[in-house]
Amino acid sequence: MRRHLRFRTPIGIPEGYIRLESGDFGWDYIIRNYDGRYHLIQTDYDYAGIASTFGWRGHTHGETDGTIDCPVCGRKVGTMLASAQNYLDNNVGKMVPDPGYFDGE
Ligand SMILES: [Zn+2]
């Protein structure tokens, strides 16, 4: 009997997905692609964007991506980044479809 082999990666990420992982330092993160490639995220200004990719909806006025004070309510960057980082810490291991982090590489 013939068996059909399904595509599997040794790291357990479905094709087309990325996974949030914690980095080596405790304050950094890794975005790993299903094929094993990864980006190291070490800049706190990246946290809001990364958190949004993984479902963070901590700030919804829409006028800020979390890297400038909100022009609507005045919420500070530091507050938003702390919220984003907290979200990331609580969602390590989450997998979402790759929105294009690994395109063109
Ligand atoms: Zn706001």
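Worth saying up front: this structure is predicted, and the values here are computed from it rather than measured.

*Asks:* Which residues make up the overall build of the protein chain, and what values do they have?
*Replies:* Assigned secondary structure in the protein chain consists of two helices and four strands. Ordered by position from N to C terminus, the α and β elements of the protein chain give β-β-β-α-α-β. Taken over 105 residues, the protein chain has a buried fraction of 17%. Restricting the contact set of the protein chain to residue pairs at least 6 apart, pairs at least 24 apart contribute 48%.

*Asks:* Explain the sheet that holds strand β4 (residues 95–97) to me, and be specific about the residues and the numbers.
*Replies:* Across the sheet, four strands lie side by side as β3-β2-β1-β4; this open sheet has antiparallel pairing. Of all strands in the sheet, those bounded by a partner on one side alone are β3 (38–41) and β4. This sheet shows a mean twist of 25° between the axes of neighbouring strands, independent of strand direction. As paired elements, strand β1 (residues 17–22) and strand β2 (residues 29–33) share five bridges and run antiparallel to each other. Bridge pairing in β2 links Arg-19 to Arg-32.

*Asks:* Which residues make up helix α2 (residues 77–90), and what are the values?
*Replies:* For α2, spanning 14 residues, the distance from its first C-alpha to its last is 20 Å, which sits close to the expected 20 Å at 1.5 Å a residue. Check the buried side of α2 and you find it contacts β1, β2 and α1 (44–53).

*Asks:* Summarise the pairing of β2; cite the residues concerned and give the values.
*Replies:* Here β2 lies mainly inside the structure; four of its five residues are buried. Bridge analysis of β2 against β3 gives four bridges, and the strand direction is antiparallel. Paired with Ile-31 across the strands is His-39, a residue of β3. Linkage of β2 to β3, two consecutive antiparallel strands, is achieved through a turn of four residues, within which Gly-36 is found at a positive phi near 100°.

*Asks:* Now, about the packing of α1 against α2: what can you tell me, with residues and values included?
*Replies:* Axis separation between α1 and α2 bottoms out at 8 Å; the angle between their running directions is 60°. Relative to α2, the element α1 lies oblique. For α1 against α2, the interelement crossing comes out left-handed. Together, Asp-44, Tyr-47, Ala-48, Ile-50 and Ala-51 of α1 and Met-80, Leu-81, Ala-84, Gln-85, Tyr-87 and Leu-88 of α2 make up the contact between the two elements. The class makeup of the residues in the contact of α1 with α2 is nine nonpolar, one polar and one charged.

About the thresholds
- Residues numbered from 1 in each chain as written.
- Predicted model: local features only at pLDDT ≥ 70, side-chain atom pairs only at ≥ 80, totals over all residues.
- Helix = DSSP H or I, 4+ residues; strand = E, 2+ residues; numbered from the N terminus.
- Buried ≥ 20, exposed ≤ 12 C-beta atoms within 10 Å, placed from the backbone.
- Contact = placed C-beta atoms within 7 Å.
- Pairing = 2+ DSSP bridges.
- Axes fitted to C-alpha atoms, helices over the stretch in contact; angles between N-to-C directions.
- Expected span 1.5 Å × (residues − 1).
- Parallel < 35°, antiparallel > 145°, perpendicular 65-115°, else oblique.
- Left-handed = near helix turned anticlockwise from the far one by under 90°.
- Nonpolar A, V, L, I, M, F, W, Y, C, P; charged D, E, K, R; others polar.

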